[in-house]
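Take a look at the letters that make up each chain.
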Amino acid sequence: MPDAENPVSLLENLLKHPGRVVHELHQTRAPILAGRLLIFGIMGIAIYGTVVGAQSGGAQMWIAPAKLGVGTLLAVLICLPSLYIFTCLGGIDAQLRSVCGALFAAVCLSSILLIGFAPVAWIFSQSTDSIAFMGALHLLFWVIGIRFGLRFIDAAARFLGARSKGHFRIWSVIFVLVCFQMTTTLRPIIGPSKTFLPTEKKFFLAHWFETIKAPNQEKK
Amino acid sequence: MIEHFKTLLRGEVGAVSLEKAGLRWFAIYCLAIVVGSSVYGATIGLWRAPLQSAFTAIKFPLLIFLTCIGNGAVNGMLAQLFGSGLSFKQTALAILMSFAIAAVILGALSPVTLFVLYNAPPLGSANAIVGHSMVLLTHVFAVAFAGILANRRLLDLLRRMTGRDATARAVLFSWLAGNLFLGAQLAWNLRPFIGSPGLTVQFLRDDPLRGNFYEAVWRAFQHLFF
């Protein structure tokens, strides 16, 4: 990959030539590249988080980016051991650094797409008071982003010689469910709250249904 | 050792590794079972209480080893009766290997089950029964998934060892039937694993050897339909 040191070149390659990034992640300098991808990914999510927080304004402008950044990092850490094992089950003789790199690159790619969606999300956040609508919209953008991220992991798996796709599909479901639950664990992300973290534990579907049924909150 | 486990997970272990089975591999598979299933077991009991977590971390590998020991002789005999050509030592190693794969998968899934546990309504809450069901279902899916994958790898190995698909399947299903039959009863004897919200935390129930799993299932069936 030409000029892997340059962040713009790295992100450009991630979008235009993901194969080059996959190849680079299998080389000796992979840990440095993987670290960069994770940092860019978390930063990208945090930038999108400011748009999420803009719905409520005030303290939520820093709470939402912090929660989204930490939540993404936690989801990655929770699912990394299973991705490594599932990679082996898929028939790949992968190194941990390559697996980490592929996952971090997927997060980075999805965060770039989220930044692309940020202006659209911001316009809607300034036009509506409905937390449920904005939640659904952010979720839709996140699903689109992560779909491309997971496609990157799939491409990396094929490059590394995966024999079966089934294991990655199962892992993808686990990762998406963990991320969905993370939005409930760290709630509220869009709307304001008196406490930083929730006092009651809930399953994400129960929380989503309650949000849909709840009346709209007044914008500050 | 890590390379060997990666080969195991990829399903690329050759017949040769069973043919020259040494004590080293027995020890390594046992270690993998102890580590993987203890870590996972700890996440099973943690919803009820930290002490239950410690108990389940001990009992989960114990359940696996007792099942292997209890069925060791009959599994070896069945393998020979079906014409697999496997010795008792090879049979034991193959079964330990499949349990080791399951334990490694479960160990890798334990951060996910721990996250589910963190999000489950706790014992003292009004929704404790929802929490119990959530934890129970998560573990049922995780254990079933790990078990299915481990047995697929075992079937691949048996195919390579025997050279015949029908024989490999016959041996695997006979082992599965025996292990499930005994394993279910041993799990009943070693209960509780998660720990019912209404009962005290115990290593074993007061009457662990009274009754059996199949009688309990039959009674539940009778209560439901008669």
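Residue numbers restart at each chain and count upward from 1, following the sequence in its written direction. All chains are assigned letters beginning at A, and all ligands numbers beginning at 1, according to the order in which they are written. Given that this is a predicted model, residues contribute local features only at a pLDDT of at least 70 and side-chain atom pairs are listed and counted only at 80 or more, while totals for whole chains, interfaces and linings are drawn from all residues.

### Some remarks on the overall build of chain B
Line of reasoning, step 1. Numbering of helices and strands runs from the N terminus, with a helix taken as a DSSP run of H or I at least four residues long and a strand as a DSSP run of E at least two residues long. Secondary structure assignment for chain B yields eight helices and zero strands.
Line of reasoning, step 2. Tracing chain B from N to C terminus, the helices and strands come up as α-α-α-α-α-α-α-α.
Line of reasoning, step 3. Here the globule rule reads 2.2 Å times residues to the power 0.38, and the radius of gyration is calculated from C-alpha atoms. At 19 Å, chain B has a C-alpha radius of gyration in line with the 17 Å of a compact globule built from 226 residues.
Line of reasoning, step 4. Along the first, second and third principal axes, the C-alpha atoms of chain B reach 55 × 45 × 25 Å.
Line of reasoning, step 5. Burial is judged by counting other C-beta atoms within 10 Å of a residue's own C-beta: 20 or more means buried, 12 or fewer means exposed, and anything between counts as partly exposed, with every C-beta placed from the backbone. Looking at chain B as a whole, 41% of its 226 residues qualify as buried.
Line of reasoning, step 6. A residue pair is marked as a contact if its C-beta atoms, positioned from the backbone, fall within 7 Å. When contacts within chain B are restricted to residue pairs at least 6 apart in sequence, long-range pairs at least 24 apart make up 73% of them.

### Thoughts on the overall build of chain A
Line of reasoning, step 1. Assigned secondary structure in chain A consists of eight helices and zero strands.
Line of reasoning, step 2. Along chain A, helices and strands appear, N-terminal first, in the series α-α-α-α-α-α-α-α.
Line of reasoning, step 3. Taken over C-alpha atoms, the radius of gyration comes to 18 Å for chain A, in line with the 17 Å a tight globule of 220 residues would show.
Line of reasoning, step 4. Looking at chain A as a whole, 45% of its 220 residues qualify as buried.
Line of reasoning, step 5. Across chain A, the fraction of contacts at a sequence separation of at least 24, relative to all contacts at a separation of at least 6, is 73%.

### Some remarks on the nonpolar core
Line of reasoning, step 1. The term nonpolar core refers to a set of buried Ala, Val, Leu, Ile, Met, Phe, Trp, Tyr and Cys residues connected through C-beta atoms within 7 Å. A:Leu103, A:Ala105, B:Phe99, B:Ala100, B:Ile101 and B:Ile105 are the most contacted members of the largest nonpolar core, which totals 118 residues.
Line of reasoning, step 2. Each residue touching A:Leu103, except ones within four places of it in the same chain, is listed here: A:Val76, A:Leu80, A:Leu83 and A:Ile153.

### Concerning the interface of chain B and chain A
Line of reasoning, step 1. Counting residues at the interface gives 16 residues for chain B, matched by 16 residues for chain A.
Line of reasoning, step 2. Tallying contributions element by element places helix H5 (residues 88-119) of chain B first for the side of chain B that touches chain A, with eight residues.
Line of reasoning, step 3. Polarity classes work like this: nonpolar for Ala, Val, Leu, Ile, Met, Phe, Trp, Tyr, Cys and Pro, charged for Asp, Glu, Lys and Arg, and polar for all others, with Gly in that last group. For the side of chain B that touches chain A, the residue count by class is 13 nonpolar, one polar and two charged.

### Quick word on the packing of helix H4 (residues 60-89) of chain A against helix H1 (residues 2-10) of chain B
Line of reasoning, step 1. Contact geometry of H4(A) with H1(B) gives a least axis separation of 6 Å together with a crossing angle of 65°. Where H4(A) abuts H1(B), its residues A:Ile85, A:Cys88 and A:Leu89 lie against B:Lys6, B:Leu9 and B:Arg10.
Line of reasoning, step 2. Residue classes in the contact of H4(A) with H1(B) are distributed as four nonpolar, no polar and two charged. Axes, fitted as lines to C-alpha atoms, cover a helix only where it is in contact. Angles between the N-to-C directions of the axes lie from 0 to 180 degrees.

### Things to note about helix H7 (residues 165-189) of chain B
Residue and element names in this part refer to chain B.
Line of reasoning, step 1. To estimate the expected span of a helix, count its residues, drop one, and scale the result by 1.5 Å. Compared with an ideal rise of 1.5 Å per residue, which puts 25 residues at 36 Å, H7 spans 36 Å between its outermost C-alpha atoms and is within 8% of the ideal.
Line of reasoning, step 2. All of the buried residues along H7 are Ala 168, Val 171, Leu 172, Trp 175, Asn 179, Gly 183 and Leu 186.
Line of reasoning, step 3. Looking at the buried positions of H7, the neighbouring elements they touch are helix H4 (50-81), H5 and helix H6 (128-162).

### Digging into the environment of A:Phe168
Residue and element names in this part refer to chain A.
Line of reasoning, step 1. As for its position among the elements, Phe 168 is in helix H7 (residues 166-185).
Line of reasoning, step 2. Looking at Phe 168, the number of C-beta atoms within 10 Å reads 23, which means it is buried.
Line of reasoning, step 3. Along the backbone, Phe 168 and Tyr 48 are 120 residues apart, and their C-alpha atoms lie at a distance of 27 Å.
Line of reasoning, step 4. When near neighbours in sequence (up to four residues on either side) are disregarded, Phe 168 contacts Phe 86, Gly 90, Ile 153, Asp 154 and Ala 157.

### Here we look at unusual backbone geometry
Line of reasoning, step 1. For the bond from A:Arg187 to A:Pro188, the omega torsion is -5°, close enough to zero to count as cis.
Line of reasoning, step 2. Assignment of secondary structure puts A:Pro188 in the loop between H7 and helix H8 (204-213).
Line of reasoning, step 3. B:Pro192 follows B:Arg191 through a cis peptide bond whose omega is 5°.

### Quick word on the packing of helix H3 (residues 23-45) of chain B against H5(B)
Residue and element names in this part refer to chain B.
Line of reasoning, step 1. The geometry of H3 relative to H5 is characterised by a closest axis approach of 7 Å and an angle of 25° between their N-to-C directions. Taken as axis vectors, H3 and H5 run roughly parallel relative to one another. The interaxial crossing formed by H3 with H5 has left-handed handedness.
Line of reasoning, step 2. Of the residues in the contact of H3 with H5, the class split is 19 nonpolar, six polar and no charged. Every angle not falling under 35 degrees, over 145, or within 65 to 115 is termed oblique; those three ranges are roughly parallel, roughly antiparallel and roughly perpendicular. Handedness of a helix crossing follows the sense of rotation of the near helix relative to the far helix, less than a right angle counterclockwise being left-handed and clockwise being right-handed.

### Examining the environment of B:Ala120
Line of reasoning, step 1. With respect to the helices and strands, the residue B:Ala120 is situated in the loop between H5 and H6.
Line of reasoning, step 2. A tally of 23 C-beta atoms within 10 Å means that B:Ala120 is categorised as buried.
Line of reasoning, step 3. As a C-alpha pair, B:Ala120 and B:Ser133 span 13 residues in sequence and 9.2 Å in three-dimensional space.
Line of reasoning, step 4. Apart from the residues lying within four places of it in its own chain, the contact partners of B:Ala120 are A:Lys201, B:Trp47, B:Gly131, B:Met134 and B:Val135.

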